[in-house]
Amino acid sequence: MTDRFPPTVSLAIVRRGVPRAGSSDGFTLLEIVIVLAVASVIAAISLPIINKTLTIMHVTSSASTLAGIIQSTRYQAIGTGCPYEIVLTPASNSYQILGESVVTSLTAPPVCATTYTPPINSPVAVKFANSDVVFTISPSSTLILNPSGTVTTAASTTIPAIFTITFSPTQGTQTKKITISGVGNVTMQ
């Protein structure tokens, strides 16, 4: 025999799927406005801090990059036995490396050329600092890295006591200083 009546369903099960009057599963407009106001205040407080941190990172990165370039070029000069020049251009935050190539002949030992030229596949100038960073160099914007490991200027072949390159942000006071001694020691403060 088959049941003519469907199975009974509890009234509690049926009511679960039907929303009651006055209840809501969403947010009110007031709650959304309060959350947006709090988020705006947090953003207003944190953005200047983030910008200052990024600027400090740019200053530090620029100084570290240049210190590494000077050290590696000095080692190239020592290794090849020929001097190299690093020409720094503060106006464009760039540098250029020039080297005296080794001239070889069948009848004489290898010697360094007498003119500086960019190394093969080397760009004319390489930008190494962001626009929010400026640098100054003293006493000269051209460093000559000699095969003996010393550092001189284009104007003088005598060893100056110290070269100083100072990096600073266009806005702010955080600075980094690279000091290059005449004997080639590079330090960053």
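Residue positions within a chain follow its written sequence, with the count starting from 1. Two thresholds apply to this predicted model, a pLDDT of at least 70 for residue-level local features and 80 or more for giving and counting side-chain atom pairs, whereas whole-chain, interface and lining totals are computed over all residues. For side-chain calculations, the full set of non-hydrogen atoms in the structure is used, while hydrogens and water are omitted.

(A) Looking closely at the overall build of the protein chain. Scanning the protein chain for helices and strands turns up two helices and eleven strands. N-terminal to C-terminal, the α/β element order of the protein chain is α-α-β-β-β-β-β-β-β-β-β-β-β. Between buried and exposed lies partly exposed: a residue is buried under 20% and exposed over 50% of the maximum accessible area for its type, with that area taken using a 1.4 Å probe on protein chains only. Considering the protein chain as a whole, with its 189 residues, one finds that 30% of them fall into the buried category. For the protein chain, contacts bridging at least 24 residues in sequence account for 54% of all contacts bridging at least 6. Here a helix means four or more residues in a row that DSSP labels H or I, a strand means two or more in a row labelled E, and each is numbered from the N terminus. Contacts are residue-level and defined by heavy atoms, with any inter-residue pair within 4.5 Å sufficient.

(B) Seen up close, the nonpolar core. Core analysis: the largest hydrophobic core is formed by 26 residues, its most contacted members being Ile 70, Ile 165, Phe 167, Ile 178 and Ile 180. Secondary structure elements with two or more residues in this core: helix H2 (29–80), strand S1 (84–89), strand S2 (94–99), strand S6 (133–138), strand S7 (142–145), strand S9 (162–169) and strand S10 (176–181). The dominant element in this core, judged by the number of residues it contributes, is H2, at seven residues. Beyond its immediate stretch of four places on either side in the chain, Ile 180 contacts Ile 70, Leu 143, Val 151, Ala 161, Ile 162, Phe 163, Ile 165, Asn 185 and Val 186. To qualify as a nonpolar core, a set must consist of buried Ala, Val, Leu, Ile, Met, Phe, Trp, Tyr and Cys residues joined through side-chain atoms within 4.5 Å.

(C) Expanded view of the sheet that holds strand S8 (residues 151–153). Ordered by their spatial adjacency, five strands build an open sheet running S5-S2-S1-S7-S8, and the pairing between neighbours is antiparallel. In this open sheet, the two strands that pair with only one neighbour each are strand S5 (126–127) and S8. Paired strands are those between which DSSP finds at least two bridges. By the bridge criterion, four bridges tie S1 to S7 in an arrangement that is antiparallel. Across the sheet, residue Val 87 finds its bridge partner in S7, namely Thr 142.

(D) Inspection of the confidence of the model for the protein chain at higher detail. Across the protein chain, pLDDT averages 81, with 81% of residues at or above 70. Values of pLDDT, the confidence the predictor places in each residue, fall between 0 and 100. Between the elements of the protein chain, mean pLDDT differs from a low of 54, seen in helix H1 (residues 11–16), to a high of 91, seen in H2.

(E) Broad picture of unusual backbone geometry. The amide bond that connects Ser 138 to the next residue, Pro 139, takes the cis arrangement and shows omega of 10°. Examined against the element boundaries, Pro 139 turns out to sit in the loop between S6 and S7. The residue Asn 93 is not glycine, and still its phi comes out positive at about 50°. Among the structural elements, Asn 93 can be located in the loop between S1 and S2.

(F) Representation of the sheet that holds S9. With antiparallel pairing, the four strands of this open sheet are ordered in space as S6-S9-S10-S11. Unpaired on one side and paired on the other, S6 and strand S11 (186–188) mark the two borders of the sheet. Strand-to-strand twist in this sheet, taken as the mean axis angle between neighbours without regard to direction, amounts to 15°. Where S6 meets S9, six bridges bridge the pair, whose relative direction is antiparallel. Pairing of Val 134 across the sheet is with Ser 168, part of S9. Under this scheme, a helix contributes an axis fitted over its contacting stretch, all axes are lines through C-alpha atoms, and angles between N-to-C directions fall in the 0 to 180 degree range.

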